[in-house]
Amino acid sequence: MGLNVLSPTLGRPEDRVALTCAAKLAKALSGQCAALFAMPDPADAFIWAGEGLTQPPSAEAIDAAREIQTSAENRVQAAIESVNSGVVLPGGITLLTRIDSMARATEEYLALHELAVFSQDSVKSGGPMGGAFEAALLKARAPVVVARDDDITGKPVFIAWDGGLEAGRAVRAAIPILQKASSVSICQAVSEVGDRARAGVDPALLQARLRASDVDAQIILVDASSSANAASGILELAGAGSLLVSGAYAHSRAQEMIFGGATRTFLSGEGPSLLLSH
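Residues numbered from 1 in each chain as written. Predicted model: local features only at pLDDT ≥ 70, side-chain atom pairs only at ≥ 80, totals over all residues. Heavy atoms only, no water.

1. Focus on the overall build of the chain
- Of the regular secondary structure elements, the chain holds eleven helices and twelve strands.
- A total of 278 residues make up the chain; the buried ones form 49% of that total.
- Taking as baseline every contact in the chain between residues at least 6 positions apart, the subset at least 24 positions apart corresponds to 78%.
- Carbon together with sulfur atoms contributes 53% to the accessible area of the chain, which is approximately 12,900 Å² in total. (Helix = DSSP H or I, 4+ residues; strand = E, 2+ residues; numbered from the N terminus. Buried < 20%, exposed > 50% of the residue type's maximum accessible area, 1.4 Å probe, protein only. Contact = heavy atoms within 4.5 Å. Areas by Shrake-Rupley, 256 points an atom, 1.4 Å probe, with all protein chains shown as cover.)

Okay, structure coming up:
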């Protein structure tokens, strides 16, 4: 059974990288790829009309919004045709459409897919795509790829390993990708891990687990004084054109936003594509 990949898209140019990456990943892992297009029904919207007052949109506003939606769906169709012409995926990319918020549709369709792929720009931009990213990662708890390149297979892979449950989920999800990687490195920030007594914190244990899955990995120890410094060091080590596998939001998201943390650094930085799991 191959890996089934979901690529939420609104037909914007920045979504093309994610859609191409998703198709190439599905092809390499003998799976299927689906593009998800979702927008709420404008007739269900309400307009603020004063303190404590709302009113439904006018017929003209509804028609204009539906024209925008139709145009966006047409762009998605064109993007699918373009990617299908370059990535020969058996059966091609399937288009899933839904009258709903992108976040809710993404969360529900991930019941039938193993992985979701988003572009870097989508994650940074917020809005419907940012909400879909959060829904995939934090609600559906699905592995999520943030594609900074249109192909992540056969590339060097770096694993940010702290022995946590989130990192463990990310690694397990990445096994099929690791098996096709050009090289695999387990990176651990020694000072950040400190004396925590997690059973799986020793990178040698992960190295042995990967070897049992036909993945040979080297261990690289990174010296850093904080999680943010460790994350920056690992980002620099990995560099562009590679894939970084990591747990996400091991601390609460609020803590990371206030005090900083590895996930925030990985998402705001540049360089490798990311495979994250919460």
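And the narrative resumes.
2. With respect to helix α6 (residues 165–178)
- Taking 1.5 Å per residue as the helical rise, α6 with its 14 residues ought to reach 20 Å, and the 19 Å between its terminal C-alpha atoms agrees with that figure.
- Along its length, α6 shows its largest kink, about 35°, at Arg 172, and proline Pro 176 lies within four residues downstream of that point.
- Of the positions making up α6, those classed as buried are Glu 166, Ala 167, Gly 168, Ala 170, Val 171, Ala 174, Ile 175, Ile 177 and Leu 178.
- Next to the buried residues of α6 lie α1 (15–28), β8 (156–160), β9 (183–189), α8 (203–212), β11 (243–247) and β12 (273–277). (Expected span 1.5 Å × (residues − 1). Bend = angle between axes of the 7 residues up to and from the residue.)

3. Re the pattern of salt bridges
- One pass over the full model with this rule turns up eight salt bridges.
- A salt bridge links Arg 98 to Asp 100; the nearest nitrogen and oxygen atoms lie 3.4 Å apart.
- A salt bridge links Lys 124 to Glu 270; the shortest N-O distance between them is 3.2 Å. Note that Lys 124 is positioned in helix α4 (residues 120–125) and Glu 270 in the loop between α11 (262–268) and β12, a separation of 146 residues in sequence.
- A relative accessible area of 54% means that Glu 270 is categorised as exposed.
- In the salt-bridge network here, residues are joined through shared partners; they are Arg 98, Asp 100, Arg 104 and Glu 108. (Salt bridge = Lys/Arg side-chain N within 4 Å of Asp/Glu carboxyl O.)

4. Some thoughts on the environment of Ser 232
- Structurally, the position occupied by Ser 232 is in helix α9 (residues 227–238).
- According to the relative accessible area criterion, Ser 232 is partly exposed, its value standing at 36%.

5. Here we look at the pairing of strand β1 (residues 5–8)
- Alternating residues of β1 divide into Val 5 and Ser 7 and Leu 6 and Pro 8, and every residue in both groups is buried.
- Relative to strand β2 (residues 33–39), β1 runs parallel, the two sharing four bridges. Within β2, the residue paired with Ser 7 across the bridge is Ala 35.
- Taken together, the two bridges between β1 and strand β6 (residues 115–119) define a ladder with parallel strand orientation. Paired with Val 5 across the strands is Leu 115, a residue of β6. (Pairing = 2+ DSSP bridges.)

6. Observations regarding the packing of helix α3 (residues 102–109) against helix α5 (residues 127–139)
- At a minimum axis distance of 7 Å, the contact between α3 and α5 shows a crossing angle of 30°. When the axes of α3 and α5 are compared, the crossing they make is right-handed. Contacts from Met 102, Ala 103, Thr 106 and Glu 107 of α3 reach α5 at Pro 128, Met 129, Gly 131, Ala 132, Ala 135, Ala 136 and Lys 139.
- For the contact of α3 with α5, the per-class residue count stands at seven nonpolar, two polar and two charged. (Axes fitted to C-alpha atoms, helices over the stretch in contact; angles between N-to-C directions. Left-handed = near helix turned anticlockwise from the far one by under 90°. Nonpolar A, V, L, I, M, F, W, Y, C, P; charged D, E, K, R; others polar.)

7. Quick notes on the sheet that holds strand β7 (residues 144–147)
- Taken together, the ten strands give an open sheet; going across it, the order is β5-β2-β1-β6-β7-β12-β11-β8-β9-β10, and neighbouring strands pair in mixed fashion. Two strands lie at the open edges of the sheet, namely β5 (94–99) and β10 (218–222), each paired on one side alone. Sheet twist, expressed as the mean angle between neighbouring strand axes with direction ignored, is 25°.
- Pairing of β8 with β11 involves four bridges; the strand directions are parallel.

8. Some details on unusual backbone geometry
- Here Ser 30, not a glycine, exhibits a phi torsion of approximately 55°, which is positive.
- Along the polypeptide, Ser 30 turns up in the loop between α1 and β2.

9. What about the state of the cysteines?
- By the definition in use, this model includes zero disulfides.
- With no disulfide of its own, Cys 33 lies closest to Cys 21 among cysteine sulfurs, the gap being 9.4 Å.
- Residue Cys 33 is classed as buried on the basis of its relative accessible area of 2%. (Disulfide = S-S within 2.5 Å.)

10. Observations regarding α3
- Among all positions in α3, only Met 102, Ala 105, Thr 106 and Tyr 109 are buried. For α3, the angular spread of buried residues about the axis comes to 100°, placing them on one side.
- If you follow the buried residues of α3, they end up packed against β1, β2, β5, β6 and α5. (Arc of directions from axis to C-beta.)

11. Considering the side chain of Thr 153
- Residue placement: Thr 153 occurs in the loop between β7 and β8.
- Under the relative-accessibility criterion, Thr 153 is labelled buried at 17%.
- In terms of polar contacts, Thr 153 uses its side chain to reach the side chain of Asp 151, at 2.9 Å. (Polar contact = N/O pair within 3.5 Å; in protein donor to acceptor, adjacent residues only side chain to side chain.)

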